[in-house]
Amino acid sequence: MPTTGQDVAAGRRGAAGPGGGTTARGLRSPVAIGLGLMLIAFNLRPALSSVGPLLPGIRAETGLSGALAGALVTLPVLCLGVFGRLGSPIARRIGPDAGVLAALLVLAAGLALRGLGGLGALFAGSVLAAAGIGIVGVILPGIVKRDFPDQGGLMTGLYTALLCLGAAAGAGLTVPLERVLGTGWEGAMMAWAAPALVAALAWLPFVRARPAPAAGGGGALGSLWGDPLAWQVTAFMGLQSSLAYIVFGWLPAALTERGYDTVTAGLLASVSALAQGVLALVVPTLAARRRDQRPWVLVVVGLPVVGFCGLLLGPLAFAWGFALLLGLGLGGCFGLALTLIVLRARDPRTAGDLSAMAQGIGYCGAALGPFLVGIAHERSGGWGLPAALYVALGLAATGFGLLAARDRTVLPQ
């Protein structure tokens, strides 16, 4: 059933949102929904950013090869794409709010599983956690479009900033957690299941009654596949994600090889992740006020390229400055990518479909980045070749970003 402007404006008064269903009166105030979204966003990156700081210890304890270490970093990113494509069908079948709740429980289960010990549980838990993250990430833009039709940029910026804060917590607190708990890397991994469960409990009041499946709704995602703009948004999402996941997976290891201890390397990664929150908040808020977002593309892609290459090859005396540049740029990239999904769609349902396409396909492509960096490093024995690969990805992201940021909307066919 098409969503009208009145439906969107009445989203908190019981109108049908994407996927159908009715909203419980009095439970969906803007402040309550916003706080729930922020708590969810915080939990969407620790599962990914907490692996890098522990990777040297995991390899030393388990004998994990360089290829398998690259797979451990790459597999969750691939799963974001594979399972993210389920987000839109799940939202239509059980409602977006119930879909988010179910995915949060899957995330918490995966985080707990990877801490049970052994490489099998580590890989399986990582896949499960990434599945939950991928589904939640696809559904959220549609919820923002539905519940905050006039504040899409601000809300996208806020939850992107909290997402970056969660990434910083995963990067900076995991090694200290390992030492405080005294349970090895397994306990530090499992600890991140607790905040995910808290987020699920906080979101529980917003879950609606299970809606009846919409007739013919299963093919909506395919209707965007013939639209060039949808592919441009997808390519930008995938390429900027690749830049980010290369950093999550390999920056701590690179810093350790350059002479930093694991705690300092984790802190540098954490500072970089914290800095992401600044432009992750600012860029969506300001970019949404413009009809054309192309000037922002040049800024947000250039910063991480300079920062990451500086950390890999530049003077160690400037490492903290490079980390700040890296974080500012990655936060701006991700915030702009999510904002483009909201701005290039005309209604909440299209936003959900474009989100499913951009994140589902984009993350599958993004998974190649960390994998290729691992191969490049292992074969070259240094970080020059990985830095060159990072620059090439940045140039590609700039090109597709300039196309995706033009003032137009996708046209489902």
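Refer to the structure above for everything that follows.
Quick notes on the rules
- Residues numbered from 1 in each chain as written.
- Predicted model: local features only at pLDDT ≥ 70, side-chain atom pairs only at ≥ 80, totals over all residues.
- Heavy atoms only, no water.
- Salt bridge = Lys/Arg side-chain N within 4 Å of Asp/Glu carboxyl O.
- Helix = DSSP H or I, 4+ residues; strand = E, 2+ residues; numbered from the N terminus.
- Polar contact = N/O pair within 3.5 Å; in protein donor to acceptor, adjacent residues only side chain to side chain.
- Contact = heavy atoms within 4.5 Å.
- Buried < 20%, exposed > 50% of the residue type's maximum accessible area, 1.4 Å probe, protein only.
- Lys, Arg positive; Asp, Glu negative; His and termini not counted.
- 1 Å grid on protein atoms, 1.4 Å probe; cavity = no way out; pocket = protein on both sides within 12 Å on 5 of 7 lines; lining within 4 Å.
- Points joined across faces, edges and corners; volume = space filled by probe spheres on them.
- Nonpolar A, V, L, I, M, F, W, Y, C, P; charged D, E, K, R; others polar.
- Phe/Tyr/Trp six-rings, centres within 6.5 Å; stacked < 30°, edge-to-face > 60°.
- Axes fitted to C-alpha atoms, helices over the stretch in contact; angles between N-to-C directions.
- Parallel < 35°, antiparallel > 145°, perpendicular 65-115°, else oblique.
- Left-handed = near helix turned anticlockwise from the far one by under 90°.
- Core = buried A, V, L, I, M, F, W, Y, C linked by side-chain atoms within 4.5 Å.
- Expected span 1.5 Å × (residues − 1).
- Bend = angle between axes of the 7 residues up to and from the residue.

Scanning the entire structure with this criterion turns up five salt bridges. The closest approach of N and O atoms between Asp 97 and Arg 146, which form a salt bridge, is 3.4 Å. Of this pair, Asp 97 sits in helix H7 (residues 96-113) while Arg 146 is found in helix H8 (residues 119-147), placing the two residues 49 residues apart along the sequence. For Asp 407, the salt bridge is made with Arg 291, and the minimal N-O distance between the two is 2.9 Å.

One can find Ser 126 in helix H8. In terms of polar contacts, Ser 126 uses its side chain to reach the backbone carbonyl oxygen of Leu 122, at 2.7 Å. Those residues in contact with Ser 126, other than ones at most four positions away along the chain, are Leu 72, Pro 76 and Arg 114.

For the rest of this paragraph, the subject is the side chain of Asp 227. Turning to its location among the elements, Asp 227 is positioned in the loop between helix H11 (193-203) and helix H12 (228-257). One buried charged residue, Asp 227, remains without a salt bridge, the closest side chain of opposite sign being Arg 406 at 8.1 Å. Side-chain polar atoms of Asp 227 contact the backbone nitrogen of Leu 411, separated by 2.9 Å.

Empty space within the largest pocket amounts to approximately 260 Å³. Lining the largest pocket are 13 residues, and of these Pro 149, Asp 150, Gln 151, Gly 152 and Gly 153 sit closest to its centre. When contributions to the lining of the largest pocket are tallied by element, the ones reaching two or more residues are helix H9 (152-181) and helix H15 (319-343). Sorting elements by how many residues they give to the lining of the largest pocket places H9 first, with three residues. Split into classes, the residues belonging to the lining of the largest pocket amount to six nonpolar, four polar and three charged.

Looking now at the packing of aromatic side chains. This model, assessed by the stated rule, comprises four aromatic pairs. On the basis of an interplanar angle of 75° and a centroid distance of 4.9 Å, the ring pair of Trp 203 and Phe 206 is categorised as edge-to-face. Taken individually, Trp 203 and Phe 206 each receive the classification buried, so the pair is uniform in this respect. Taking the centre distance of 6.0 Å and the plane angle of 70° together, the rings of Tyr 245 and Tyr 363 count as edge-to-face. Remark: Tyr 363 occurs in helix H16 (residues 348-366) and Tyr 245 occurs in helix H12; sequence separation between them is 118 residues. Across this residue pair, the class does not change: Tyr 245 and Tyr 363 are buried.

As a further point, take the packing of H12 against helix H14 (residues 294-313). Between two packed helices, both the angle of their axes relative to each other and the distance between the axes serve to describe the pair. One way to put it is that H12 packs onto H14 with a least axis distance of 11 Å and a crossing angle of 20°. It follows from the interaxial angle that H12 and H14 lie roughly parallel. By crossing handedness, the relation of H12 to H14 is classed as left-handed. Residue-level contacts link Phe 236, Ile 246, Val 247, Leu 251, Ala 254 and Leu 255 of H12 to Val 301, Phe 308, Leu 311 and Leu 312 of H14.

Counting 120 residues, the largest nonpolar core has Leu 37, Leu 104, Leu 140, Trp 203, Leu 336 and Tyr 390 as the members making the most contacts within it. Here this core gets 17 residues from one element, more than from any other, and that element is H12. In this structure, Leu 37 is in contact with Leu 140, Ile 143, Val 144, Phe 148, Met 155, Tyr 159 and Trp 203, ignoring residues within four places of it in sequence.

Quick look at H12 now. In an α-helix, one turn spans 3.6 residues; hence positions three or four apart end up facing the same way. Here H12 is 30 residues long and its end C-alpha atoms lie 42 Å apart, about the 44 Å a rise of 1.5 Å per residue gives. Most pronounced at Trp 250, the bend in H12 amounts to some 50°, and the proline Pro 252 follows within four residues. Counting buried residues in H12 gives 26 out of 30 residues, a clear majority hidden from the surface. Capping the start of H12 is the job of one residue whose side-chain oxygen sits 2.9 Å from the backbone nitrogen of Leu 229: Asp 227. Of the residues one or two after H12, Gly 259 is the one with positive phi, at around 120°.

Honestly, that's just the spatial picture; any functional story needs more than this.
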